[in-house]
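# Notes for the structure review
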Amino acid sequence: MLEYISIIVTAIFVNNIVFAQFLGICPFLGVSKKLSSAVGMGAAVTFVMLMATAITWLLQSFVLNPLNLQFMQTIVFILVIAALVQMLEMIMKKVTPALYMALGVFLPLITTNCAVLGVAILVIRNGMDLGQSIVYAVATAIGFTLALIMFAGIREQLELVEVPRAMRGVPIALVVAGLLAMAFMGFSGIKIG
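Thresholds, definitions, all that
Residues numbered from 1 in each chain as written. Predicted model: local features only at pLDDT ≥ 70, side-chain atom pairs only at ≥ 80, totals over all residues. Heavy atoms only, no water. 1 Å grid on protein atoms, 1.4 Å probe; cavity = no way out; pocket = protein on both sides within 12 Å on 5 of 7 lines; lining within 4 Å. Points joined across faces, edges and corners; volume = space filled by probe spheres on them. Helix = DSSP H or I, 4+ residues; strand = E, 2+ residues; numbered from the N terminus. Nonpolar A, V, L, I, M, F, W, Y, C, P; charged D, E, K, R; others polar. Disulfide = S-S within 2.5 Å. Buried < 20%, exposed > 50% of the residue type's maximum accessible area, 1.4 Å probe, protein only. Salt bridge = Lys/Arg side-chain N within 4 Å of Asp/Glu carboxyl O. Axes fitted to C-alpha atoms, helices over the stretch in contact; angles between N-to-C directions. Parallel < 35°, antiparallel > 145°, perpendicular 65-115°, else oblique. Left-handed = near helix turned anticlockwise from the far one by under 90°. Contact = heavy atoms within 4.5 Å. Phe/Tyr/Trp six-rings, centres within 6.5 Å; stacked < 30°, edge-to-face > 60°.

All right, on to the layout of surface pockets then. As a volume, the largest pocket reaches approximately 230 Å³. Sorting the residues of the lining of the largest pocket by element identifies α8 (130-158) and α9 (170-185) as the ones contributing at least two each. Per-class residue counts for the lining of the largest pocket are five nonpolar, one polar and four charged.

Taken as a whole and assessed by the stated rule, the structure comprises zero disulfides. Considering cysteine sulfurs only, Cys 114 is the nearest to Cys 26, which forms no disulfide, with 6.6 Å between them. A residue is classified by how much of its surface remains accessible, and Cys 114, at 38% relative accessible area, is partly exposed.

Let us now look at the pattern of salt bridges. According to the stated counting rule, one finds one salt bridge in the structure shown. Put simply, Arg 168 and Glu 162 hold a salt bridge, and the shortest N to O gap is 2.9 Å.

This part covers the packing of helix α1 (residues 2-14) against α8. One can describe the packing of α1 onto α8 by two numbers: an axis separation of 7 Å at closest approach and a directional angle of 30°. The angle between α1 and α8 falls in the class roughly parallel. Our pair here, α1 against α8, has a crossing hand that is right-handed. Residues Glu 3, Tyr 4, Ile 7, Ile 8, Ala 11, Ile 12 and Phe 13 of α1 form the contact with α8, whose participating residues are Gly 131, Gln 132, Val 135, Tyr 136, Ala 139, Thr 140, Ile 142, Gly 143 and Leu 146. Residues of the contact of α1 with α8, tallied by class, amount to 11 nonpolar, four polar and one charged.

On to the packing of aromatic side chains. Tallied over the full model, the rule gives six aromatic pairs. Each ring, one from Phe 13 and one from Phe 187, has its centre 4.8 Å from the other, and the planes form 40°; the classification is tilted. Here Phe 13, found in helix α1, pairs with Phe 187, found in the segment after α9; they are 174 residues apart in sequence, far enough to count as distant. Phe 13 gets classed as partly exposed once you look at its relative accessible area, which sits at 28%. Using a relative accessible area of 28% as the deciding quantity, one classes Phe 187 as partly exposed. Taking 5.5 Å as the distance between ring centres and 70° as the angle between the ring planes, the aromatic pair formed by Phe 184 and Phe 187 counts as edge-to-face. An aromatic cluster is built from Phe 13, Phe 19, Phe 28, Phe 151, Phe 184 and Phe 187, whose rings are joined through pairwise contacts.

Shape is all these values report; function is a separate question.
What follows is the structure in structure tokens.
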């Protein structure tokens, strides 16, 4: 139990996928202009990251390793993620059109989100079992969503203040992202157990 708590706290705060590992930066900067879009992207990434990690772990353990095809890992994982996103998009379009319309713009972006592929590879590299992999994927997605929501909230507030003209837009966003990353470094001293 303590091991799972350690995985959760580490994935969300200490080794945050955005602020410590610098994965998923494109959607972090691109989808964080509004809080509502950040929440939608976070929910979609959470689902896809969970499913992709579970499926890729099973493929690695029961197909790639036994057949000695570990060199195919990245290609297979990318194909799984792309197929999963396409399948999710088709199912949502038929079953819940309202949710599809709300997340429709975010779903194709998830295919190119390197955080999803990064988590799938990290669980294999770190030798996690299926349970640990699922917990890590969900916690990492929560950390990604937390970073996205915090950043979106700050960016919405920045629209209301007078920012020097040279710093408007991307420059101030990068400064804020750097400050958030430094703030998250404060969690690196946390020891559990």
